[in-house]
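Structure assessment
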Amino acid sequence: NDGEGSVVFTALTYDQDDLKVDGEYVESREFTYTLTEVQGDAKGYTYASRTYGITVTVTDNGDGTLSSTLAYYADEACTELLYELAPFSTVRGN
């Protein structure tokens, strides 16, 4: 948290090797991440208790490029996402 309530994450980069499962290349693969706020003891601050899941699906386009899609979900019913993720990119494999 930057002190203003914004959270910035390092960009995620995927390449062809990320589409390997048990030594074999697959056409598409999901990567799942969990986002939680580390609970601290700062006075006057209420820490978020929700856990968010982030799923990135990386797909081989068959032309030497990869594409990716991003999905969010929460452990509780909520209508807004409290965090914005930094852009992520896919890169051409070797």
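Everything numeric in this text was worked out from a predicted model, so none of it was measured.

Summing up its helical and strand segments, the chain has zero helices and seven strands in all. If you list the helices and strands of the chain from N to C, you get β-β-β-β-β-β-β. Across the 94 residues in the chain, those meeting the buried criterion constitute 19%. Across the chain, every contact between residues at least 6 apart in sequence was considered, and the portion connecting residues at least 24 apart equals 49%.

We now examine the environment of Ser 67. With respect to the secondary-structure elements, Ser 67 resides in strand 6 (residues 66–74). With 39 residues separating them in the primary sequence, Ser 67 and Ser 28 have C-alpha atoms 9.4 Å apart. Among the polar contacts listed, one links the side chain of Ser 67 to the side chain of Asn 61, at a separation of 3.0 Å.

Taken in spatial order, the three strands of this open sheet run 4-5-6, and their pairing is antiparallel. At either end of the open sheet lies a strand with only one pairing partner, and these are strand 4 (28–35) and strand 6. Each neighbouring strand pair of the sheet contributes to a mean axis angle of 20°, computed without reference to strand direction.

Our next topic: the nonpolar core. If you look at the biggest cluster of nonpolar residues, it comprises nine residues: Tyr 14, Leu 19, Phe 31, Leu 35, Tyr 52, Ile 54, Val 56, Val 58 and Leu 66. Residue assignment for this core shows that the elements contributing at least two residues are strand 4 and strand 5 (52–60). Beyond its immediate stretch of four places on either side in the chain, Phe 31 contacts Tyr 14, Asp 18, Ile 54, Thr 55, Val 56 and Val 58.

This next bit is on the packing of aromatic side chains. Aromatic rings in a pair are described by how distant their centres are and how their planes are angled relative to each other. Within this structure, the stated rule accounts for one aromatic pair. On the basis of an interplanar angle of 40° and a centroid distance of 4.9 Å, the ring pair of Tyr 14 and Phe 31 is categorised as tilted. Within this pair, whereas Tyr 14 is found in strand 1 (residues 13–14), its partner Phe 31 is found in strand 4, the two being separated by 17 residues in sequence. We note that Tyr 14, like Phe 31, is buried.

Another point: unusual backbone geometry. In this structure, Asp 22 takes a positive phi of about 50° despite not being glycine. Topologically, Asp 22 is positioned in the loop between strand 2 (20–21) and strand 3 (24–25).

Analysis parameters
Residues numbered from 1 in each chain as written. Predicted model: local features only at pLDDT ≥ 70, side-chain atom pairs only at ≥ 80, totals over all residues. Heavy atoms only, no water. Helix = DSSP H or I, 4+ residues; strand = E, 2+ residues; numbered from the N terminus. Buried < 20%, exposed > 50% of the residue type's maximum accessible area, 1.4 Å probe, protein only. Contact = heavy atoms within 4.5 Å. Polar contact = N/O pair within 3.5 Å; in protein donor to acceptor, adjacent residues only side chain to side chain. Pairing = 2+ DSSP bridges. Axes fitted to C-alpha atoms, helices over the stretch in contact; angles between N-to-C directions. Core = buried A, V, L, I, M, F, W, Y, C linked by side-chain atoms within 4.5 Å. Phe/Tyr/Trp six-rings, centres within 6.5 Å; stacked < 30°, edge-to-face > 60°.

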